[in-house]
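Geometric and topological summary
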Amino acid sequence: MFKMKLFPIQKIVKDAGFGASVPIIIQANNTEYLLKTKEDGMQPYSLGIFNELLAYQLIDYLDYDITPQEVVFLYIDNNFLEMAEVAYKEGIIKEESYQNIVESLGVNIGIEYLHNAMEPLDGKINNNKFIQDIVHIDNYMMNCDRTEKNINILQDKKDLRRYYAIDFGNALSDGILYEKILENSIDIFSTGTFSECNVTLSNRYILKEETKKLVKKGRINKDNISTIRQVLSDIIDTFPPEWKPIEYKDAILDVVSTRLKSRKIFNREKNSQCECLY
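Quick caveat: nothing in here was measured; it's all calculated off a predicted structure.

Conventions and cut-offs
Residues numbered from 1 in each chain as written. Predicted model: local features only at pLDDT ≥ 70, side-chain atom pairs only at ≥ 80, totals over all residues. Heavy atoms only, no water. Salt bridge = Lys/Arg side-chain N within 4 Å of Asp/Glu carboxyl O. Helix = DSSP H or I, 4+ residues; strand = E, 2+ residues; numbered from the N terminus. Buried < 20%, exposed > 50% of the residue type's maximum accessible area, 1.4 Å probe, protein only. Core = buried A, V, L, I, M, F, W, Y, C linked by side-chain atoms within 4.5 Å. Contact = heavy atoms within 4.5 Å. Expected span 1.5 Å × (residues − 1). Domains from an automatic or database assignment. Buried area = accessible area lost by both parts, 1.4 Å probe. Pairing = 2+ DSSP bridges. Axes fitted to C-alpha atoms, helices over the stretch in contact; angles between N-to-C directions.

1. Points about the pattern of salt bridges
Applying the stated rule across the entire model yields 13 salt bridges. The residue E209 makes a salt bridge to K212 at a minimum N-O spacing of 3.4 Å. Of this pair, E209 and K212 are both found in helix 7 (residues 208-214), 3 residues apart, which corresponds to roughly one turn of the helix. Judged by relative accessible area, which is 39%, E209 ranks as partly exposed. The salt bridge partner of R229 is D250, with a shortest N-O separation of 3.7 Å. Remark: D250 occurs in helix 9 (residues 249-260) and R229 occurs in helix 8 (residues 225-236); sequence separation between them is 21 residues. For R229, a relative accessible area of 25% puts it in the partly exposed group. For D250, a relative accessible area of 47% translates into the label partly exposed. One salt-bridge network, in which partners are shared between bridges, spans K36, E52 and D167.

This is the structure in structure tokens:
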């Protein structure tokens, strides 16, 4: 797992121009990052960046070569609020972006901005190893947010065989798992609900056909489930305690670690869709 660094934000570069959470591009430590805020207008408070960081750290733990971007902590303070207000009034960033920033004082995250990347040509992914890795991480994390309209995959402009996975903010079954944990209204281990559901069964999932051909079963991690759970626990312990999902760490760990040791979540015949697959 990579160690997180914390930086103040030096300046606002521009509006990102994409994303339902209306992120912006900023500069910190003389590097450009996509700023992801605790309040994003999409998921319950700080769940989006919790999902993002857990996914990136999990990808590193599993040694999947699909996300070369550096991820850092970015601190929003009153000085940056003033900077954001000026940027909003001058039309550099959207009102929604500014409001999200106002509601996100404290530690947020930045994901390195890729200048040499573009949306995949013809929407096709021509790299089987990348497909296998991204399908595994999406299913482990219950990340349904990869559709024809919003593929959330980038292609290298110079090396067309190179792809990058982005945007895991809608993981944990589009936030539904977290909501069920908050409500304490469902057995999160009930068969086919969250412990065994299969993201790749959705007709909306952009890689559903490739999954049928290339991914027959889950990869069984070499570590036992106790070790996996401890690794994930250690990862989450490095997250800022102000992030709300931290309060429910144990329940989240139970589900994710169980999925990492399960082949059943890739069963296409007997399994059920995840609840986010509408």
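2. Focus: the environment of N30
Tracing the sequence through the fold places N30 in the loop between strand 3 (24-28) and strand 4 (31-36). Assessed through its relative accessible area of 62%, N30 is described here as exposed.

3. What about the nonpolar core?
One finds L58, I134, I137 and M142 to be the most contacted residues of the largest nonpolar core, which totals 64 residues. Among the elements that take part in this core, helix 1 (residues 47-62) stands out by supplying 11 residues, more than any other. When residues no more than four places from it in sequence are discounted, the contact partners of L58 are I137, M141, L232, V256 and L260. Counting residues in each nonpolar core, the second largest holds 18 residues, with F7, V72, L81 and A84 among its members.

4. Examining unusual backbone geometry
Phi at N152 takes a positive value of approximately 55°, unusual for a residue other than glycine. Within the secondary structure layout, N152 lies in the loop between helix 4 (128-140) and strand 8 (153-156). Unlike most non-glycine residues, D167 shows phi in positive territory, near 65°. Tracing the sequence through the fold places D167 in the loop between strand 9 (163-165) and helix 5 (171-174).

5. Considerations on helix 1
Helix length check: helix 1, at 16 residues, gives a terminal C-alpha distance of 22 Å against a target of 22 Å (1.5 Å per residue), a fit within 8%. By the criterion of burial, helix 1 is predominantly enclosed, with 15 of the 16 residues buried. Of the residues one or two after helix 1, D63 is the one with positive phi, at around 65°.

6. Here we look at the domain arrangement of the protein chain
The domain boundaries assigned to the protein chain delineate domain 1 (6-112) and domain 2 (127-151 + 173-272). Centre-to-centre separation of domain 1 and domain 2, based on C-alpha positions: 24 Å. With 25 residues of domain 1 in contact, the opposing surface of domain 2 contributes 30 residues. In this assembly, domain 1 packs against domain 2 so that about 2,300 Å² is buried in total across both faces, 77% of it on carbon and sulfur atoms.

7. Some details on the sheet that holds strand 7 (residues 117-118)
Pairing is antiparallel across the open sheet formed by 3 strands, whose spatial order is 7-8-9. For this open sheet the edge positions go to strand 7 and strand 9, each flanked by a neighbour on one side alone. Relative to strand 8, strand 7 runs antiparallel, the two sharing 2 bridges. Bridging from a neighbouring strand, M118 pairs with Q155 of strand 8. Across the sheet, helix 4 touches strand 8 and strand 9, and the angle it forms with strand 9 is around 5°.

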